[in-house]
Amino acid sequence: MTVPLVWRNYPERYNLLGNFCENCGSAYFPARPVCPKCRRKGRLVVQEMPHTGKIISFTEVFVAPEGFENEAPYFLALIELDNGAKILSQIVDSKREKIRIGAKVDKCFRKIADNDKEGAIAYGYKFKIIE
Amino acid sequence: MRSVSIIGAGLTEFGEHWERSFRELIAEAGIKAIQDSGIEGKDIQAAYGGCMASGRFIGQEHIGALIADQLGLNPIPSTRLEAACASGGVALRNAYLAIASGAHDVVAVGGIEKMTEISTEEAAIALGGAGDQETELFHGASFPALYALMARRHMHEFKTTEEQLASVSVKNHKNAVNNPYAQFRKEISLEQVMNSGYVASPLKLLDCSPITDGAAAIILCESEKARQFCENPVEIIASAQASDSLALSGRAVLTELKATLAAAKGAYMQAGITADMIDFAEVHDCFTIAEILAIEDLGFVHKGSGGKATEDGETAIDGRIPINTSGGLKAKGHPVGATGIAQSIEAYYQLRGRAKERQLKEAEIGLTHNVGGSGATAVVHIFRKLEGKR
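Residues numbered from 1 in each chain as written. Chains lettered and ligands numbered in written order. Predicted model: local features only at pLDDT ≥ 70, side-chain atom pairs only at ≥ 80, totals over all residues.

Caption draft 1: Structural detail: the overall build of chain A. When its secondary structure is counted, chain A shows 2 helices and 8 strands. Starting at the N terminus, the α and β elements of chain A follow one another as α-α-β-β-β-β-β-β-β-β. Taking the principal axes of its C-alpha atoms as reference, chain A extends roughly 45 × 40 × 20 Å. The buried share among the 131 residues of chain A stands at 36%. Counted over contacts in chain A with a minimum sequence separation of 6, partners at least 24 positions apart contribute 50%. (Helix = DSSP H or I, 4+ residues; strand = E, 2+ residues; numbered from the N terminus. Buried ≥ 20, exposed ≤ 12 C-beta atoms within 10 Å, placed from the backbone. Contact = placed C-beta atoms within 7 Å.)

Caption draft 2: Looking closely at the sheet that holds strand β4 (residues 106-114) of chain B. Residues and elements named next belong to chain B. Ordered by their spatial adjacency, 9 strands build an open sheet running β3-β2-β4-β7-β1-β8-β11-β10-β9, and the pairing between neighbours is mixed. With one partner strand each, in any of the chains shown, β3 (78-81) and β9 (280-282) form the two edges of the open sheet. On average, each strand axis in the sheet is tilted by 25° relative to the strand beside it, whichever way the strands run. Along the sheet, helix α14 (residues 336-352) contacts β1 (4-11), β2 (46-50), β4, β7 (213-222), β8 (234-243), β9, β10 (365-372) and β11 (377-385); its crossing angle with β4, the most-contacted strand, is approximately 125°. (Pairing = 2+ DSSP bridges. Axes fitted to C-alpha atoms, helices over the stretch in contact; angles between N-to-C directions.)

Caption draft 3: A look at the sheet that holds strand β1 (residues 17-21) of chain A. Residues and elements named next belong to chain A. Taken in spatial order, the 3 strands of this open sheet run β2-β1-β3, and their pairing is antiparallel. In this open sheet, the two edge strands, each paired with only one partner strand, are β2 (27-28) and β3 (44-48). Looking at chain direction, β1 and β2 are connected through 2 bridges and run antiparallel. Each residue of the ladder has a partner; that of F20, found in β2, is A27.

Caption draft 4: How the structure looks around the domain arrangement of chain A. All names here are of chain A. Once the domains are mapped, chain A shows domain 1 (3-15 + 51-129) and domain 2 (17-49). Between domain 1 and domain 2, the contact holds 8 residues from the first and 8 residues from the second. Looking at which element gives the most residues to the side of domain 1 that touches domain 2, the answer is helix α2 (residues 10-15), with 3 residues. Partitioning the side of domain 1 that touches domain 2 into residue classes produces 4 nonpolar, 3 polar and 1 charged. (Domains from an automatic or database assignment. Nonpolar A, V, L, I, M, F, W, Y, C, P; charged D, E, K, R; others polar.)

Caption draft 5: Representation of the pairing of β1(A) within the structure. Residues and elements named next belong to chain A. The buried fraction of β1 is high, at 4 of 5 residues. Both β1 and β3 contribute to a ladder of 5 bridges, which runs antiparallel. In the sheet register, G18 faces β3, and the bridge partner there is Q47. If you look at the hairpin formed by β1 and β2, you'll find 5 residues sitting between the two strands, and G25 has a positive phi there, around 85°.

Caption draft 6: Just the interface of chain B and chain A, in detail. If you look at the interface, chain B gives 28 residues, while chain A gives 27 residues. Counting only elements with at least two residues in the side of chain B that touches chain A, the list comes to α5 (120-128), α6 (143-158) and β5 (198-200) of chain B. It is α6(B) that contributes the most residues to the side of chain B that touches chain A, 6 residues altogether.

Below you can see the structure in the form of structure tokens.
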């Protein structure tokens with residue numbers, strides 16, 4: 001994680017800005033430079049992703065990579081947002097028995113990491129279970 | 001395209017080589033392969049090397065030139081290829097293409113990784129780069145976590161059990177007992193796997209391949225010429241590679257690897273065979289779920305039945321389709337850049353009758369399957385004994 005990377009990704013990580021192909025109707029997160037289905041016929045426009053979706057799969061991470069040791073154990077999930085785009089995120093503020101495939105989730109804003117050598121703190125999206 | 005054969009192979013023991021350097025491992029594997037092949041160094045026209053993350057692991061890049069230098073092969077062209085854990089398979093494919101195309105007749109190809117010079121946490125970051133740094137690793141998705149997401153979904157859709165996952169490890173450890181180059185030459189029980197702690201649920205420590213130092217090398221030769229050097233070469237009858245989205249979020253389904261499906265389809269077409277004609281395979285079992293996905297995607301068992309097939313012994317060394325007779329990545333060890341080459345060496349040994357205690361009785365056609373990342377690269381090769389007059 002570097003300062004330019006954290007700074008550059010504000011729109012994506014703060015507001016879930018991805019893009020949408022007006023030709024085929026596919027939504028992409030993060031934004032893609034080319035629609036893989038339509039290629040040159042594609043018409044990509046910036047779009048904010050819906051903040052809700054459902055869990056497709058999840059895991060509880062016990063052995064964390066460098067920078068996440070203090071968080072472990074934590075839940076990660078692959079989420080399908082309401083527009084069909086998929087996103088990988090931590091699941092927080094949720095009872096563990098509620099974390100299961102099919103559970104509905106909502107985006108929240110959290111600190112992601114603070115292990116940058118230059119002191120930059122990275123914020124971004126995490127998700128929590130909604131009843 | 002010209003026919004290409006393997007005429008020699010060499011590898012180091014896989015394990016923790018704290019006392020030996022990266023370049024010493026390259027030299028050992030390379031020199032063994034050259035000696036085994038019957039050629040001399042001056043016969044080698046080009047070299048290719050697979051290596052994933054030497055910059056992260058030991059602070060050394062420019063591995064292509066280093067390989068030629070260490071083996072005393074200057075000034076031949078020497079190129080490093082990187083495709084995460086499929087670096088070795090991609091190097092093999094590029095060496096194969098160099099001969100098939102007519103550019104060269106004799107080529108050395110190797111793979112290397114020295115992973116134990118940094119801490120496990122640092123190694124996890126280096127390996128995490130095989131996935132999508134910005135949308136996966138940034139959020140704390142370790143590499144086991146990505147495969148854990150696939151495992152959980154497979155369990156959800158097909159009722160695969162944690163015991164069935166564990167049975168992959170048990171089988172591969174059993175096979176490794178008879179492989180003198182393997183990192184873990186000891187059997188483990190189902191209970192030991194089940195009682196090992198979660199790394200990323202449902203994957204436990206003993207569902208995961210280890211961190212390993214090792215190198216592997218083979219010598220490839222145009223098949224007409226191959227007999228001048230070697231009595232019984234092994235022909236590469238197919239070489240196919242495919243790609244998919246780097247991130248899991250880009251995949252339509254989590255329970256198959258589209259890159260494996262595409263590479264397998266291409267390889268079977270090139271070889272003019274079907275999956276049921278394969279006698280044995282070395283597949284990419286970086287995690288137990290990966291072997292289950294592999295045997296399904298390669299067409300050895302129906303989609304969803306890989307766990308049960310493993311539990312029932314279909315993939316054991318005496319089963320219907322022996323998988324990972326070497327011990328696989330799980331027990332032989334997984335020095336990532338070397339793995340694709342080491343897999344081809346197991347195929348070479350089995351087809352030449354040099355696999356000793358783990359030798360298969362009927363080994364006519366073998367397949368290797370090497371995956372990069374969580375499935376963004378897959379490479380499939382198919383091998384058989386070179387036919388024709390001696």
